Amino acid sequence: LSGVVGFAPLLLIPVPETRSIAIGGLIVVAVAVALAVTLLPASLALLGRAIDAPRWLARRLAWYHHPLFWERWARWLGHHPYRAVVIGGILVAAITWPLAGIRIGLPRVGWFPAGTDAERGAETMERIGSRGVLEPIRVVLQAPPGQRIVGVRYLLGLRRFSDAVKADTAVSSIRSVGNIQPGMSTLQYSFLYSDPKRARQQYPDFLSAYLSNDDRTTVMDVVLTDSTSLPEAMDVVRHLRRIARDRVLGLASVGVYVGGFWSSGVGLQKPLLSRFPLLVGLAVVTTAIMLVM
């Protein structure tokens, strides 16, 4: 039953990975209970007195499970309930104290198995100061139907948006259709995108990755500094979403969607923290009911 109490509340968290852990744990508990009431009694019946072998181990186990020790412990608890509550409360507080500083999200490092090419590649990128390139914040900007996101109407808004994002000290650089080459002005970009075919011939690889074929949707990569921690990266995501909600001048009709690795961490945090009190309360109440029974 303790296994059920431990795993069942995890089903309340709306995260597939957590729910899969809960289902797996419940299956293990169910199989263990089934074996305890079927295979175990049958095995004991077949073993008979042979279960006491070796004798020296059986004697030690019999001493450990002698009722006198547990009876003395139970009587002490019964005669001093307040002391027991205080001692137990102190132990529980000491064990759960780290939860006061809990930060829920995806880890910055440690994703790749040790010794793999993926891990060595990540370490190399970190040594040269470019680890942020591996996990950028990806912002998708989509113009209304029939409009071009790289048209004159939106180019100035894209530059304002990128300037507002770059003002954050945690941002290292930005890759977007408005930042292909440093030093290019908005007017130069206007001339470039006035002929879409020529623009794609001039920057084929970049525009195929950052601009849709109909020129309506573009992707902006916000690269963070290597020193950016998990909380700081999640704060940048929230900052980007605030900028999107405030509607940058020139992008009022544009859909702005903040995604990527760090954005998924922010999305993971909200449902977990909202369900956390319910999860703990359910486990405590269910355990209390079991103890009363």
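Rules used throughout
- Residues numbered from 1 in each chain as written.
- Predicted model: local features only at pLDDT ≥ 70, side-chain atom pairs only at ≥ 80, totals over all residues.
- Heavy atoms only, no water.
- 1 Å grid on protein atoms, 1.4 Å probe; cavity = no way out; pocket = protein on both sides within 12 Å on 5 of 7 lines; lining within 4 Å.
- Points joined across faces, edges and corners; volume = space filled by probe spheres on them.
- Helix = DSSP H or I, 4+ residues; strand = E, 2+ residues; numbered from the N terminus.
- Expected span 1.5 Å × (residues − 1).
- Buried < 20%, exposed > 50% of the residue type's maximum accessible area, 1.4 Å probe, protein only.
- Nonpolar A, V, L, I, M, F, W, Y, C, P; charged D, E, K, R; others polar.
- Salt bridge = Lys/Arg side-chain N within 4 Å of Asp/Glu carboxyl O.

(A) Representation of the layout of surface pockets within the structure. Roughly 280 Å³ of volume is contained in the largest pocket. In this structure, the largest pocket is lined by V92, T96, L99, F276, V280, A283, V284, T287, A288 and L291. Here the lining of the largest pocket gets seven residues from one element, more than from any other, and that element is helix α13 (residues 261–292).

(B) Expanded view of helix α8 (residues 152–166). Given a rise of 1.5 Å per residue, 15 residues ought to cover 21 Å, and the 22 Å separating the end C-alpha atoms of α8 matches this to within 8%. The complete set of buried residues in α8 reads Y154, L155, G157, L158, R159, F161, S162 and V165.

(C) Representation of empty space enclosed by the protein within the structure. Applying the stated rule across the entire model yields two cavities of 30 Å³ or more. One number sums up the size of the second largest cavity: a volume of about 30 Å³. Along the walls of the second largest cavity sit F161, I243, A244, R247, V248, L251 and V256, which together make up its complete lining. Residue composition of the lining of the second largest cavity, grouped by class: six nonpolar, no polar and one charged.

(D) Local environment of the environment of V285. Of note, V285 is situated in helix α13. Residue classification places V285 among the partly exposed positions, given a relative accessible area of 49%. As for V285 and V5, which are separated by 280 residues in sequence, their C-alpha atoms are 9.6 Å apart.

(E) Examining the environment of Y154 more closely. Tracing the backbone shows Y154 in helix α8. Spatially, the C-alpha atom of Y154 lies 60 Å from that of G89, the residues being 65 residues apart in sequence.

(F) Spatial organisation of the pattern of salt bridges. Counting across every chain of the model gives seven salt bridges. The salt bridge partner of D117 is R120, with a shortest N-O separation of 2.5 Å. Highlighted residues: D117 and R120, both in helix α7 (residues 117–127), separated by three residues, approximately one helical turn. Judged by its relative accessible area of 43%, R120 is partly exposed. For R148, the salt bridge is made with D215, and the minimal N-O distance between the two is 3.3 Å. With R148 in the loop between β1 (137–142) and α8 and D215 in the loop between α11 (204–210) and β3 (217–224), this residue pair connects regions lying 67 residues apart in the sequence. Several salt bridges converge on common partners, so that one network encompasses R138, R175 and D221.

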